[in-house]
Amino acid sequence: MSLIINNDDEDEFVEKQMLNQLSQENYSPVRLRSFINHYGTVRPRISTKNRLKNHFNKFYNTLNCLYIINLLFDRIPIIRCLKEYNLRKNLFADIMSGMTVAILHIPQGMAYGMLTTLPPIHGLYVSFFPVLLYMIFGTCPHLSIGTFAVISLMTAQAISGTPLQSFNIINNQSYVASNIYDEIIINEKVGIATTLAFLVGLIQLILSFLRLGFLTVYLTEPFISGFTTGVAIHVFSAQLPSIFGIKSPRGIQGAFKLPRFYFKLIGSIIQNINWISTVIALTSIIVLFTAKQLNDRYKSIIRIVIPSELILIIIGTLISHFTQIHNFHGVSVVGPIKQGLPSPTPPPLQQISYLIMPAATIAMVSLCISISMGKMFSRKHNYKVSSNQELLAYGISNVVSSFFQCYPSSGSLTRSIVQEGSGCKTQLVGGFSCIVLGIVIVALTPLFYSLPMGCLAAIVIVNMKGLLFQIKDFFFYYRISFLECVIDIGLYAGLCTSFLINTIRTQKPHFVVLGQINDTEIYKNVKLFPVAHQYDNIKILRFDESLYACNSPFFKRKFYELIGIQLRQEPLISYKKQNLNKIENIKYNYVILDCSPFNFIDTVGVKLLIEIYNDLKKRNIQLYLSECRYGVRRTLELMNFYGKTAPNIIYITTHYAVMSIRTESDNDLPKMTIATQI
């Protein structure tokens, strides 16, 4: 008997009628209460005191010296990296990747350092110290930590929003030389930036110690896409004064800041444009854009990324130095840069009250950017990124670096993509990058005195291209779900509390194994219904909630756990007989996921199902879905789920899926499926 629902006459009401008719043909109706009384069992209720006692007993039984040592070693991932390092396979690739990324760090560090209103050398410091620390404590080898335009701009805003105490000192003096005046202002700004980095790192460490890494699941792809696109527009706007060789408009705060900024900017451009600076900047943009297009087109042939940004800086510096355009045409240049690594100095904390809110915002934004990129690379290269360990790495990087004149650091998308594409293998790539940057900071910084500011602005703008083009994602998410493309921000405590309570409830719902009740078509939780029968080669699972971004990490972990696949790493020092990373002897050839509780599924959930399907297929396990609602099936089709998995893996009921699998195994009954076309 084959049951197919076509595209034209599919309707939820018709579907329910057919299910009722099919159910009545096989068994007589049974009331829910009598059914539970006859077949089910009542689980004993455990008091809170006994639950806590059982929990502590379980923890105490696993506590021993080797367990503690392994726990500490897991907090320093570089130890595992060094233990498992393959010199022949990884060393050359890590060295080349480290040198390639270091070449990108130099121009971007200087450009983003200027974006914070600090001297460019501080951008190079951020490209050195946090990278070295993240190499020790980080878990994502493809993530390039250091300067990032978004964080640099937010740092500049925090500095501008903090009153400078040196103004009072200067105003009380009858005469202060301009160079001394500038040095006093710069020193205070550096102190504000280092205090900000210290607070950002402290917040991230607190989140790590409280094991609040799970909060990152609320940073969904639509949110990240919309947020970074908006910030990219602000970063682009901040570079326009350097492009046209004018001073940036100041004192613009409050609502409609960006339109008022452009109103003042256009007036300044009309009156004070520097045509030489404009030509230099526009030429730099064209050259960089063309070079990056050629890199993308011929990367499979060349296999080496052309360092177009470094080449631009070298050529721009040489031309500016020999033509003296700064003196003759008033073109803004970088100017003198400190030479050498700074000595450790504790950040001043006098103005901490002004920086708490900016620090909290920057901590969450940098966490959002860095962990989202880390998860992207982990999915692509099939390794694990721990959110709590990443929080620890970011926190240590920012706190320690704040003692070396660094402002807050973050992951960079452009450098991370280059780091991945240049053949990075392990975390040691950060060490090789720091060797090159250390040489530059110690010996080569005076060579960049004559570099035009327009070249640095061009580097920032071209690197923002990918983020600016994310605006097209709005239309994609609008087709999937209107709610995913609109983010409504509320500030009322009651609404926030209600939101958190409801989302936390859906983050870790019940995930159960089902079995068949006698010869009926009813499948129930095997723990609550001991008489429920499980087939030898079939595992039936049910996830009692809709699948979306917030509960997808729990879904994946629990799914593999229920089918007997452990995804945990084995300890560096073995202290148990069993191997934690060993896959158990899996006797299931088929897994059926009952999707009847799914009211909806978002883009993250669909991508996770595709990932699990392909992973199980490699393990010779076939995944089927059953009882998917119309809205769920529509989202699956819009995400091209069937093209990336198989066209006929969804069954109208769980029982039909079981019977079809048994028929396929016995090869004696026709297959009964529901068509997945909408």
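Cut-off values and rules
- Numbering of residues starts from 1 in each chain and follows the order in which that chain's sequence is written.
- This being a predicted model, a pLDDT of at least 70 is required before a residue's local features are given, and a value of 80 or more before pairs of side-chain atoms are given or counted; all residues contribute to the totals for chains, interfaces and linings.
- The side-chain quantities take in all heavy atoms of the structure and omit both hydrogens and water.
- UniProt positions are given in the numbering used here, feature names are shortened, and annotations may be inferred rather than shown by experiment.
- For the purposes of this entry, the term helix denotes a DSSP run of H or I that reaches at least four residues, the term strand denotes a run of E that reaches at least two, and both are numbered from the N terminus.
- Summary of the burial criterion: residues with accessible area below 20% of their type's maximum are buried, those above 50% are exposed, and those between are partly exposed, where the area comes from a 1.4 Å probe applied to protein chains only.
- Any two residues whose heavy atoms approach within 4.5 Å are treated as being in contact.
- Reported accessibility uses the Shrake-Rupley method at a 1.4 Å probe radius. Residues are deemed covered only where the shown protein chains occlude them.
- Here the term cavity refers to a set of points on a 1 Å grid, laid over the protein atoms alone, in which a 1.4 Å probe fits but cannot get out; the term pocket refers to an open set having protein on both sides within 12 Å along at least five of seven lines, with lining residues being those that place an atom within 4 Å of a point.
- Grid points are joined across faces, edges and corners, and a volume is the space filled by probe spheres set on the points.
- Residues are grouped as follows: Ala, Val, Leu, Ile, Met, Phe, Trp, Tyr, Cys and Pro are nonpolar; Asp, Glu, Lys and Arg are charged; every other residue, Gly included, is polar.
- We call a set of buried residues a nonpolar core when its members are Ala, Val, Leu, Ile, Met, Phe, Trp, Tyr or Cys and they connect through side-chain atoms within 4.5 Å of each other.
- A pair is scored as a salt bridge if a Lys or Arg side-chain nitrogen falls within 4 Å of a carboxyl oxygen belonging to Asp or Glu.
- Between the N-to-C directions of two axes lies an angle of 0 to 180 degrees, each axis being a line fitted to C-alpha atoms and, for a helix, fitted only over the stretch in contact.
- Angle categories: roughly parallel below 35 degrees, roughly antiparallel above 145, roughly perpendicular from 65 to 115, and oblique for all the rest.
- Handedness of a crossing is defined here by the sense of rotation of the near helix relative to the far one, left-handed for an anticlockwise turn of less than a right angle and right-handed for a clockwise turn.
- As a per-residue measure, pLDDT reflects the predictor's confidence and takes values from 0 up to 100.
- Residues enter a patch when their relative accessible area is above 30% and they make no salt bridge; the linking distance is 9 Å between like charges and 5 Å between nonpolar side chains (Val, Leu, Ile, Met, Phe, Trp, Tyr).
- By the convention used here, strands pair only if DSSP detects at least 2 bridges between them.
- Between 30 and 60 degrees the pair is tilted, below 30 it is stacked and above 60 it is edge-to-face, where a pair is any two Phe, Tyr or Trp rings, Trp via its six-membered ring, whose centres lie within 6.5 Å.

- Under an unreviewed UniProt entry, the name given to the protein is STAS domain-containing protein, and the organism recorded is Adineta steineri.
- Looking at the Subcellular location (unreviewed entry) heading of the UniProt record, one finds this comment for the protein: "Membrane".

**Focus on the overall build of the protein**
Line of reasoning, step 1. Per the secondary structure count, the protein includes 30 helices and eight strands.
Line of reasoning, step 2. Each of the 678 residues in the protein was classed as buried or not, and the buried ones make up 48%.
Line of reasoning, step 3. Long-range contacts, defined as pairs at least 24 residues apart, comprise 82% of the intrachain contacts of the protein with a sequence gap of at least 6.
Line of reasoning, step 4. When the accessible surface of the protein is summed, it comes to about 35,700 Å², and 61% of that surface belongs to carbon and sulfur atoms.

**A closer look at the UniProt feature "transmembrane region" (unreviewed entry) in the protein**
Line of reasoning, step 1. The sites that UniProt annotates as "transmembrane region" (unreviewed entry) are residues 91-111, 131-156, 196-219, 269-289, 301-322, 352-371, 430-462 and 474-495.
Line of reasoning, step 2. For residues 131-156, the end-to-end C-alpha separation is 21 Å, with 58% helix and 8% strand making up the annotated structure.
Line of reasoning, step 3. End C-alpha atoms of residues 269-289 are separated by 24 Å, and the span's content is 90% helix alongside 0% strand.

**Considerations on empty space enclosed by the protein**
Line of reasoning, step 1. Considering all chains together, one arrives at two cavities of 30 Å³ or more under this definition.
Line of reasoning, step 2. Taken as a whole, the largest cavity spans an internal volume of roughly 120 Å³.
Line of reasoning, step 3. If you go around the largest cavity, you meet 15 residues; those closest to its centre are Val 131, Tyr 134, Leu 143, Gln 419 and Gly 430.
Line of reasoning, step 4. Residue composition of the lining of the largest cavity, grouped by class: nine nonpolar, six polar and no charged.
Line of reasoning, step 5. Taken together, Tyr 134, Ile 145, Gln 204, Ser 366, Ser 370, Tyr 394, Ser 397, Asn 398, Ser 409, Ser 410 and Gly 411 make up the lining of the second largest cavity.
Line of reasoning, step 6. Going through the elements one at a time, helix H17 (356-381), helix H18 (387-401) and strand E2 (410-411) are the ones with two or more residues in the lining of the second largest cavity.
Line of reasoning, step 7. In terms of residue count, the dominant contributor to the lining of the second largest cavity is H18 (three residues).

**Here we look at the side chain of Thr 195**
Line of reasoning, step 1. Assignment of secondary structure puts Thr 195 in helix H11 (residues 178-209).
Line of reasoning, step 2. Among residues more than four places away in sequence, those in contact with Thr 195 are Pro 347, Pro 348, Leu 349 and Leu 355.

**Side note on the nonpolar core**
Side chains that are nonpolar tend, in soluble globular proteins, to be buried together.
Line of reasoning, step 1. Counting residues in each nonpolar core, the largest one holds 83 residues, and the members touching the most others are Met 110 and Leu 456.
Line of reasoning, step 2. If you tally residues by element for this core, the top one is H11, at 10 residues.
Line of reasoning, step 3. Residues in contact with Leu 456, not counting those within four places in the same chain, are Pro 107, Met 110, Ala 111, Met 114, Ile 313, Val 334 and Leu 451.
Line of reasoning, step 4. Ranked by size, the runner-up nonpolar core spans 56 residues in total, among them Leu 547, Ile 592, Cys 595 and Phe 598.

**Things to note about the pattern of salt bridges**
Line of reasoning, step 1. Under the definition given, this model contains six salt bridges.
Line of reasoning, step 2. A salt bridge links Asp 74 to Arg 80; the shortest N-O distance between them is 3.6 Å.
Line of reasoning, step 3. Residue Asp 74 is classed as partly exposed on the basis of its relative accessible area, which comes to 32%.
Line of reasoning, step 4. Sharing partners across several salt bridges, the network here consists of Asp 74, Arg 80 and Glu 84.

**Some remarks on the packing of helix H8 (residues 129-137) against helix H20 (residues 429-444)**
Line of reasoning, step 1. One can describe the packing of H8 onto H20 by two numbers: an axis separation of 8 Å at closest approach and a directional angle of 160 degrees. In this view, H8 runs roughly antiparallel relative to H20, as classed from their interaxial angle. Handedness of the crossing formed by H8 with H20: left-handed. On the side of H8, the interface is formed by Val 131, Leu 132 and Met 135, while H20 contributes Gly 430, Gly 431 and Cys 434.

**Side note on the confidence of the model for the protein**
Line of reasoning, step 1. Averaged over all residues, the pLDDT of the protein is 78; the fraction at 70 or higher stands at 77%.
Line of reasoning, step 2. Here helix H1 (residues 12-26) is the element of the protein with the lowest mean pLDDT, 49, and H8 is the one with the highest, 94.

**Remarks on a nonpolar patch on the surface**
Line of reasoning, step 1. A surface patch of nonpolar side chains, about 370 Å² in accessible area, is lined by Phe 59, Leu 63, Ile 68 and Leu 72.
Line of reasoning, step 2. Of the residues examined, Ile 68 reaches a relative accessible area of 40% and is grouped as partly exposed.

**Details of the pairing of strand E3 (residues 511-516)**
Line of reasoning, step 1. Most of E3 sits inside the fold, with six of its six residues counted as buried.
Line of reasoning, step 2. A two-sided burial pattern is seen for E3, the buried positions comprising Phe 511, Val 513 and Gly 515 on one face and Val 512, Leu 514 and Gln 516 on the other.
Line of reasoning, step 3. By the bridge criterion, four bridges tie E3 to strand E5 (residues 538-543) in an arrangement that is antiparallel. Note on E5: the bridge partner recorded for Leu 514 is Ile 540.
Line of reasoning, step 4. In this structure, E3 lies alongside strand E4 (residues 523-525), joined through three bridges in antiparallel fashion. Note on E4: the bridge partner recorded for Gln 516 is Tyr 523.
Line of reasoning, step 5. Hairpin connection from E3 to E4: six residues lie between these consecutive antiparallel strands, with Asn 518 at a positive phi of about 50 degrees.

**Brief notes about the environment of Thr 278**
Line of reasoning, step 1. Relative to the elements of secondary structure, Thr 278 occurs in helix H14 (residues 275-302).
Line of reasoning, step 2. Classification of Thr 278 by relative accessible area gives buried; the value is 5%.
Line of reasoning, step 3. Considered as a pair, Thr 278 and Ser 242 are 36 residues apart in the sequence and their alpha carbons are 8.3 Å apart.
Line of reasoning, step 4. With residues near it in sequence (within four places) discarded, Thr 278 still touches Ile 243, Phe 244 and Ile 273.

**Concerning the packing of aromatic side chains**
Each aromatic ring pair is described using two quantities: the centre-to-centre distance and the angle formed by the ring planes.
Line of reasoning, step 1. In the structure shown here, the tally under the stated rule is 17 aromatic pairs.
Line of reasoning, step 2. Pairing Phe 128 with Phe 129 gives two aromatic rings, centres 5.0 Å apart and planes at 90 degrees, and the pair type is edge-to-face. Comparing Phe 128 with Phe 129, the two get one shared label, buried.
Line of reasoning, step 3. Note on Phe 555 and Phe 559: the rings are 5.8 Å apart at their centroids and 25 degrees apart in plane angle, and the pair reads as stacked.

**A word on the sheet that holds strand E8 (residues 650-651)**
Line of reasoning, step 1. The mixed open sheet is built from six strands, whose spatial order is E4-E3-E5-E6-E7-E8. Looking at which strands have only one partner, the edges of the open sheet turn out to be E4 and E8.
Line of reasoning, step 2. The sheet contacts of helix H26 (residues 552-562) involve E3, E5, strand E6 (590-594) and strand E7 (622-626), and relative to E3 the element is tilted by about 40 degrees.
Line of reasoning, step 3. Together, E6 and E7 form the strand contacts of helix H27 (residues 603-618), whose direction differs from that of E7 by roughly 145 degrees.

**Points about the pairing of E7**
Line of reasoning, step 1. Counting buried positions along E7 yields four of five residues, so the element is predominantly enclosed.
Line of reasoning, step 2. As paired elements, E6 and E7 share five bridges and run parallel to each other. In the strand pairing of E7, Tyr 590 is matched with Gln 622.
Line of reasoning, step 3. Of the pairings in the sheet, the one linking E7 to E8 comprises two bridges and is parallel in character. Across the sheet, Leu 625 pairs through a bridge with Ile 650, a residue of E8.

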